[in-house]
Amino acid sequence: MAYNVLIVDDSQTMRKVIRKTVSISGFEIGDCWEAGNGREALDILHSCWVDLILADLNMPVMNGLEMLRELKKGELHRHIPVILITTEGSEKRLEEAYALGIKGYIQKPFYPETIRDVLTRIMEETRD
Amino acid sequence: MIDEIEKKAIAVIAQVFETMFFTPVAVQQGEGEDLYSPIKSFSAFLRGEIGFEGKHCGTLILSVPVELAKTMTSNFMGLEEESASDSQAVDVVNELCNMICGNLFSQLDKKTVWNLTIPQTREVSGQAMDACNGDQAMSVRFNAEGYPVQLQIQFTSAA
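Figured I'd write up the structure that's included with this text. (Residues numbered from 1 in each chain as written. Chains lettered and ligands numbered in written order. Predicted model: local features only at pLDDT ≥ 70, side-chain atom pairs only at ≥ 80, totals over all residues. Heavy atoms only, no water.)

### Topic: the overall build of chain A
Phase 1 of the analysis: A count of helices and strands for chain A gives five helices and five strands.
Phase 2 of the analysis: Along its sequence from the N terminus, chain A presents helices and strands in the succession β-α-β-α-β-α-β-α-β-α.
Phase 3 of the analysis: Across the 128 residues in chain A, those meeting the buried criterion constitute 54%.
Phase 4 of the analysis: Nonlocal contacts in chain A, meaning residues at least 24 apart in sequence, comprise 65% of its contacts between residues at least 6 apart. (Helix = DSSP H or I, 4+ residues; strand = E, 2+ residues; numbered from the N terminus. Buried < 20%, exposed > 50% of the residue type's maximum accessible area, 1.4 Å probe, protein only. Contact = heavy atoms within 4.5 Å.)

In structure tokens, the structure reads:
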């Protein structure tokens, strides 16, 4: 089964690398959109059907936590699983992100196998 | 404390360079060279800076020769014959700063919330690079694919 994915990261290069890494990991991608910050991601969600969001935390304009707060406010998009791909590792910040509804967390730097395992597990849980 | 940060920085640099850029690194420690002075053997570097705030505050600076930054960008993005653009290389140095700084401080202290600024990278000549103040700074110099790379951390509060 292929999933529509939205990648949110302020680095265009990192977005391309994440997209490529997800593809080579064996996780099937349908449509894939990219956003440079949380605000752009919310705009994309208004017009596209997204199954999974992969987001960074540290971004200009609207960071990952602010985006999660906005997602949680609306009925339409709050069910979309969000996985953080970030350099952040502080317990408090991750607790805050989990409280805002993230389903998983991958720390940069990462191996393709880690991405595949986390994404597969979370999409299976979501389907159940 | 600076010694602990330096040891952790060396481990994090190796982890980031090898995992995401497939680039092994060899650290230079001391050996008669002033590690706090700028590297002058290359004409052009990309100098990335990122601020951090938490238990310690300051700026992390990474200086990478332009040629190496482009090679690493090609490795990172899986480009083959095609060479990486200047803006992609800048983006990669920003990401390197982000990964090194984020991992370094969260591995040093997971309980502290570390706020990082958005990284900024610009091209500088070897001569134009600033030296760090040795009293409140640390510097690690290492080789990656035969190029010299320098990581400096300038603290604005005591470490």
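Having seen it, we continue.
### Considerations on the nonpolar core
Phase 1 of the analysis: Core analysis: the largest hydrophobic core is formed by 66 residues, its most contacted members being Leu54 of chain A together with Phe17, Ile100 and Leu151 of chain B.
Phase 2 of the analysis: Among the elements that make up this core, the one with the highest residue count is helix α3 (residues 86-108) of chain B (11 residues).
Phase 3 of the analysis: Residues contacting leucine 151 of chain B, with those up to four places away along its chain left out, are Ala9, Ile13, Leu60, Ile61, Leu62, Ile100, Met138, Ser139, Val140 and Phe142 of chain B.
Phase 4 of the analysis: Judged by nonpolar contacts, the second largest core, of 23 residues, contains Val8, Ala41, Ile44 and Met59 of chain A. (Core = buried A, V, L, I, M, F, W, Y, C linked by side-chain atoms within 4.5 Å.)

### Focus: the packing of helix α3 (residues 64-73) of chain A against helix α4 (residues 91-99) of chain A
Residue and element names in this part refer to chain A.
Phase 1 of the analysis: In contact at an axis separation of 10 Å, α3 and α4 are set at 20° when each is read in the N-to-C sense. When the axis of α3 is compared with that of α4, the two are roughly parallel. Handedness of the crossing formed by α3 with α4: left-handed. Contact residues: Leu65, Leu68, Arg69 and Lys72 in α3; Arg93, Glu96, Ala97 and Ala99 in α4.
Phase 2 of the analysis: Residues that form the contact of α3 with α4 fall into these classes: four nonpolar, no polar and four charged. (Axes fitted to C-alpha atoms, helices over the stretch in contact; angles between N-to-C directions. Parallel < 35°, antiparallel > 145°, perpendicular 65-115°, else oblique. Left-handed = near helix turned anticlockwise from the far one by under 90°. Nonpolar A, V, L, I, M, F, W, Y, C, P; charged D, E, K, R; others polar.)

### Considerations on helix α1 (residues 12-24) of chain A
Phase 1 of the analysis: Counted at 1.5 Å a residue, the expected span for α1 of chain A with its 13 residues is 18 Å, and the 19 Å between its end C-alpha atoms agrees.
Phase 2 of the analysis: Downstream of α1 of chain A by a residue or two, glycine 26 of chain A has a phi angle that is positive, lying close to 100°. (Expected span 1.5 Å × (residues − 1).)

### Quick word on unusual backbone geometry
Glycine aside, the phi torsion of most residues is negative, and most peptide linkages are trans.
Phase 1 of the analysis: In this model, lysine 108 of chain A is joined to proline 109 of chain A through a cis peptide bond whose omega is 0°.
Phase 2 of the analysis: Along the polypeptide, proline 109 of chain A turns up in the loop between β5 (104-107) and α5 (112-127).
Phase 3 of the analysis: Although it is not a glycine, phenylalanine 22 of chain B adopts a positive phi angle of roughly 55°.
Phase 4 of the analysis: Its location among the elements puts phenylalanine 22 of chain B in the loop between α1 (2-21) and β1 (25-28).
Phase 5 of the analysis: The class of phenylalanine 22 of chain B is exposed, set by a relative accessible area of 55%.
Phase 6 of the analysis: One non-glycine residue, glutamate 145 of chain B, adopts positive backbone phi at about 50°.
Phase 7 of the analysis: The partly exposed category is assigned to glutamate 145 of chain B, whose relative accessible area is 39%.

### Topic: the pairing of strand β2 (residues 44-53) of chain B
Residue and element names in this part refer to chain B.
Phase 1 of the analysis: Most of β2 is tucked away, with seven of its 10 residues classed as buried.
Phase 2 of the analysis: Judged from the six bridges that link them, β2 and strand β5 (residues 120-125) form a sheet pairing that is antiparallel. Within β5, the position partnered with leucine 46 by the bridge is glutamate 123.
Phase 3 of the analysis: Where β2 meets strand β3 (residues 57-65), nine bridges bridge the pair, whose relative direction is antiparallel. Directly across from glycine 48, in β3, lies its bridge partner leucine 62.
Phase 4 of the analysis: Taking the residues between adjacent antiparallel strands as the criterion, β2 and β3 are bridged by three residues. (Pairing = 2+ DSSP bridges.)

### Some remarks on the interface of chain B and chain A
Phase 1 of the analysis: Listed by partner, the interface residues are 25 residues for chain B and 25 residues for chain A.
Phase 2 of the analysis: For the pair chain B and chain A, the summed buried surface comes to about 2,100 Å²; carbon and sulfur atoms form 53% of the total.
Phase 3 of the analysis: When the area that chain B buries against chain A is broken down by residue, the three leading residues are Met77, Lys110 and Ile118 of chain B, summing to 23%.
Phase 4 of the analysis: The interface formed by chain B and chain A includes two salt bridges.
Phase 5 of the analysis: Counting only elements with at least two residues in the side of chain B that touches chain A, the list comes to α1, α2 (66-77), α3 and β4 (115-116) of chain B.
Phase 6 of the analysis: At nine residues, α3 of chain B tops the list of elements feeding residues into the side of chain B that touches chain A. (Buried area = accessible area lost by both parts, 1.4 Å probe. Salt bridge = Lys/Arg side-chain N within 4 Å of Asp/Glu carboxyl O.)

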